[in-house]
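So you can see what is in the structure, the chains are spelled out below.
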Amino acid sequence: MDAQRTFGEPILEVKNISLAFGGVKALTDISFDILKGEVRAIIGPNGAGKSSMLNVINGFYHPQQGEIWFDGQKRQNLKPFQIAKQGIARTFQNIALFKGMSTLDNLMTGRYIHMHSNIFSQALWWGKAEREELQHRQRVEEIIDFLEIQSIRKTPVGRLPYGLQKRVELGRALAAESKLLLLDEPMAGMNLEEKEDMCRFILDANDQFDTTIALIEHDMGVVMDLSDRVVVLDYGRKLADGSPDEVRNNQAVVDAYLGVSHA
Amino acid sequence: MFYRESGDFKTSYRADQQTFPLKLDRWVVWLFIAFAFLVVPFLINDYWEKSVLLPVLVWSMAALGLNILTGYCGQVSLGTGGFMAVGAYASYKLTTAMPELNLFIVIILSGGITAMVGVLFGLPSLRIKGFYLAVATLASQFFLVWLFNKVPWFYNYSASGQITAPERTILGVIVSGPNAPPWATYLFCLTLVVILAIVARNLTRGRIGRSWMAIRDMDIAAEIIGVPPLAAKLSAFAVSSFYVGVAGAMFFMIYLGAAEPTEAFGIDKSFLVLFMIIIGGLGSIVGSFIGATFLILLPVLLKNILVGGFGWPTDLVAHLILMIIGGLIMFFLIVEPHGLTQLWRITKEKLRLWPFPH
């Protein structure tokens, strides 16, 4: 990214998070922030605690120590669906789509937090329920256009190839119109072309929908190209934090990835 | 004109989202409903009412209810018989306490009461899943039947322990009790079933239905997208129990006329409804109807053929029917676990490419 990008205040601040499962320390004293509008990467070797970090942000895990500040406010211990309502969406490392539903329905489910018609209105399909359904369909169709998945609109997602499933999952997260989007290895298992497409979608989503994105990825080329800032974890500790160039030249990071000679 | 899908274009999302997007489907359904409402009442006789039409309608309603819970929300329940008993006893208590109350309202209220009981027994679903939940609902089956046997207040202290449907009229026509004409009971049940089937379709295609299916397919992802598991599961239990309760009230009030819980609402009924939705198709409104019709009419058909046609002894045929149905259930589970609706869907897909599938 050549042009200097500037960002607003932090949307999410993680302060001194420690998480342990029994005697296993998954995260130790981690602090970093995510600024409004940026693409933030979280990298690290296997088992470094990246996914645990996302699970903490998501509310699946509750850390033993530390605070999370979201959108300028300290967050209490909330359930994942309440956190979704506050504006955090996410995709999973191993696809977690609703396999029995069509692409369209998966995306419409992404709109769940924005829909409010009551059960009686829905039972009659009349008034608010129908209006709401059409209105959100419009919004979902924009995302379908954006991701170029028009042709699979009504296909049950269980039948789609892997690459498309990943794309639909991104669509479902985008449909939530969240303030912060967490992507857990959006490019895992893809071929080069699919990766390039996915990169384009992520950058465009960041650009067009003003979504702040935090992503975990193992493909270093992708990480260095996409992200504005990178945080590096290893064994549950923070190794480095900074722009891709800074991180690339950080000796501790190089050691963690390539190993250190003990000679 | 042939049945085909091409050429039926939509220009608005409203048109695209309707229940039957194909014009021909719509016509067939409308004709079918018109036939059921306008023609059948003139042809109906006692035999058709008691052994074909009413059972199909009542069990379709129960299958609809269970399909919402099991097919759409993925929560297995073996308590259907017990919940039908709740509906039946609720309608009995309501209509004997308030004889003036319209039977239609009585039955809807019975559904409401069953919904509340269903929510109560649905609470464990938040902690337990799958087979374990099935066992928990099995407990509700036995508990409810025991309760209705044990507490005399439920059967108004009658000496036999039975409940008997009193005679009630709607718009001056008798619809319950032994003197009700076949066309009236049929029309009454048909109206309930058609209305509630449309409601079920609307619920399952909208926001709430998607939240159920999301919980069924991937509960973690559902929660991450903002679906509260508590609300989704309990609302599925409530709506499902409502339908099952209405089915129970219809079963007792209109069809049986008199009931005794162990006999009428036993565990075999819970399994029957479960088989219906498995054979018809889980997660499909039409599938509930197909499954119920299939399992109710097959014994009638076999009996007519084997006893009436071949002149075989009745007891032999009764046992043969049990074996044939058991065999069919196994056959379906192996060959087409998604039920008859899936079979229809596959047929359509094959025909779309026929005769050049490659």
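Parameters and conventions
- Residues numbered from 1 in each chain as written.
- Chains lettered and ligands numbered in written order.
- Predicted model: local features only at pLDDT ≥ 70, side-chain atom pairs only at ≥ 80, totals over all residues.
- Heavy atoms only, no water.
- Helix = DSSP H or I, 4+ residues; strand = E, 2+ residues; numbered from the N terminus.
- Rg over C-alpha atoms; globule rule 2.2 N^0.38 Å.
- Buried < 20%, exposed > 50% of the residue type's maximum accessible area, 1.4 Å probe, protein only.
- Domains from an automatic or database assignment.
- Contact = heavy atoms within 4.5 Å.
- Buried area = accessible area lost by both parts, 1.4 Å probe.
- Salt bridge = Lys/Arg side-chain N within 4 Å of Asp/Glu carboxyl O.
- Polar contact = N/O pair within 3.5 Å; in protein donor to acceptor, adjacent residues only side chain to side chain.
- Nonpolar A, V, L, I, M, F, W, Y, C, P; charged D, E, K, R; others polar.
- Core = buried A, V, L, I, M, F, W, Y, C linked by side-chain atoms within 4.5 Å.
- Phe/Tyr/Trp six-rings, centres within 6.5 Å; stacked < 30°, edge-to-face > 60°.
- Lys NZ or Arg CZ within 6 Å of the ring centre and 35° of its normal.
- 1 Å grid on protein atoms, 1.4 Å probe; cavity = no way out; pocket = protein on both sides within 12 Å on 5 of 7 lines; lining within 4 Å.
- Points joined across faces, edges and corners; volume = space filled by probe spheres on them.
- Axes fitted to C-alpha atoms, helices over the stretch in contact; angles between N-to-C directions.
- Parallel < 35°, antiparallel > 145°, perpendicular 65-115°, else oblique.
- Pairing = 2+ DSSP bridges.

All right, on to the overall build of chain B then. Scanning chain B from terminus to terminus reveals 15 helices and 4 strands. Taking 2.2 N^0.38 as the reference for a compact globule, 358 residues should give roughly 21 Å; the C-alpha atoms of chain B span a radius of gyration of 21 Å, in line with that estimate. Referenced to the eigenvectors of the C-alpha coordinate spread, the extents of chain B come out at roughly 70 × 55 × 45 Å. For chain B, buried positions account for 49% of its 358 residues.

With that out of the way, let us pick up the domain arrangement of chain A. Residue and element names in this part refer to chain A. According to the domain assignment, chain A contains domain 1 (1–87 + 178–263) and domain 2 (100–175). Between the C-alpha centres of domain 1 and domain 2 there is a distance of 27 Å. Listed per partner, the contact involves 20 residues of domain 1 and 11 residues of domain 2. Of the roughly 1,300 Å² buried where domain 1 meets domain 2, counting both sides, 73% is carbon and sulfur surface. At the boundary of domain 1 and domain 2, one finds 1 salt bridge. The shortest N-O distance in the salt bridge between Asp197 and Arg167 comes to 3.7 Å. Linking domain 1 to domain 2 there are 2 residue pairs in polar contact (both at pLDDT 80 or more). Among the secondary structure elements, those contributing two or more residues to the side of domain 1 that touches domain 2 are α2 (80–86), β7 (180–184) and α7 (192–208).

A few words on the interface of chain A and chain B. On the side of chain B, 30 residues touch chain A, which itself brings 38 residues to the contact. Note on chain A versus chain B: buried area summed over both sides is about 3,300 Å², and carbon and sulfur give 61% of it. Among the residues chain A hides against chain B, the three largest losses belong to Phe81(A), Tyr112(A) and Trp125(A). Together they make up 20% of the total. In this assembly, chain A and chain B are joined by 5 salt bridges. Summed over the shared surface of chain A and chain B, the result is 11 residue pairs in polar contact (both at pLDDT 80 or more). Those elements that place two or more of their residues in the side of chain A that touches chain B are α2, β6 (88–91), α3 (103–110), α4 (119–124) and α5 (128–147) of chain A. A per-class count over the side of chain A that touches chain B returns 20 nonpolar, 8 polar and 10 charged.

Among soluble globular proteins, nonpolar side chains are generally buried collectively. Residues Trp212(B) and Tyr243(B) are the most contacted members of the largest nonpolar core, which totals 104 residues. Residue contacts for Trp212(B): discarding those within four places in its chain leaves Ile68(B), Tyr72(B), Cys73(B), Leu203(B), Thr204(B), Ala232(B), Ser235(B), Ala236(B) and Val239(B). Ranked by size, the runner-up nonpolar core spans 36 residues in total, among them Ile113(A), Leu170(A), Met198(A) and Val222(A).

The next thing to look at is the packing of aromatic side chains. Overall, the coordinates contain 19 aromatic pairs over all chains when judged by the stated rule. When the ring of Phe143(B) is compared with that of Trp146(B), the centres are 6.0 Å apart and the planes differ by 35°; the resulting orientation is tilted. Pair noted here: Phe143(B) and Trp146(B) are both in helix α6 (residues 130–150), with a separation of 3 residues, about one helical turn. On the basis of relative accessible area, Trp146(B) is assigned to the partly exposed category, the value being 46%. Ring centres of Phe242(B) and Tyr243(B) lie 5.9 Å apart, and the angle between their planes is 80°; this geometry places the pair in the edge-to-face category. In this pair, the class of Phe242(B) matches that of Tyr243(B), namely buried. Feature note: the residues Trp59(B), Phe251(B), Tyr255(B) and Phe265(B) constitute an aromatic cluster, connected by ring pairs. Its guanidinium or amino end placed over the ring of Trp69(A), Lys15(A) lies 4.4 Å from that ring's centre, counting from NZ or CZ. Cation over ring: Arg172(A) sits above Phe98(A), and NZ or CZ is 4.6 Å from the ring centre.

Before going further, it helps to spend a moment on the layout of surface pockets. Residues and elements named next belong to chain B. There is about 640 Å³ of room inside the second largest pocket. If you trace the second largest pocket, you find 22 residues lining it, with Leu272, Leu295, Ile296, Pro299 and Ile325 closest to the centre. For the lining of the second largest pocket, the elements supplying multiple residues, two or more each, are α3 (46–72), α10 (229–256), α12 (267–280), α13 (285–309) and α14 (314–335). For the lining of the second largest pocket, the leading source of residues is α13, giving 6 residues. Per-class residue counts for the lining of the second largest pocket are 15 nonpolar, 3 polar and 4 charged.

Residues and elements named next belong to chain A. The N-to-C vectors of helix α6 (residues 162–175) and α7 enclose an angle of 5°; their axes lie 11 Å apart at closest approach. Comparing the axis directions of α6 and α7 gives the class roughly parallel. Where α6 abuts α7, its residues Gly163, Lys166, Arg167, Leu170 and Leu174 lie against Glu194, Asp197, Met198, Phe201 and Ala205. Residue composition of the contact of α6 with α7, grouped by class: 5 nonpolar, 1 polar and 4 charged.

Here we take up the sheet that holds strand β4 (residues 65–70) of chain A. Residue and element names in this part refer to chain A. Ordered in space as β2-β1-β4-β5, the 4 strands form an open sheet in which the pairing is antiparallel. Bordering the open sheet on either side are β2 (24–35) and β5 (73–74), each of which pairs with just one other strand. Sheet analysis places β4 next to β5, joined by 2 bridges and oriented antiparallel. From the neighbouring strand, Phe70 faces β5, where its bridge partner is Gln73.

With that settled, consider the pairing of β7(A). On a regular strand, each side chain points to the face opposite its neighbour's, so the side chains alternate between the two faces of the sheet. Residues and elements named next belong to chain A. β7 sits mainly inside the fold: 5 of its 5 residues count as buried. Neither face of β7 is exposed, since Leu180, Leu182 and Asp184 on one face and Leu181 and Leu183 on the opposite face are all buried. One ladder, built from 4 bridges, connects β6 with β7; its direction is parallel. Its bridge partner being in β7, Thr91 is matched across the sheet by Leu183. Alignment of β7 against strand β8 (residues 212–216), held across 5 bridges, turns out to be parallel. What sits directly across from Leu182, in β8, is Ala214.

So, on to the pattern of salt bridges. Residue and element names in this part refer to chain A. One pass over the full model with this rule turns up 29 salt bridges over all chains. For Asp71, the salt bridge is made with Lys179, and the minimal N-O distance between the two is 3.0 Å. Pair noted here: Asp71 is in the loop between β4 and β5 and Lys179 is in the loop between α6 and β7, with a separation of 108 residues, a long-range link. On the basis of relative accessibility, which here comes to 32%, the residue Asp71 falls in the partly exposed class.

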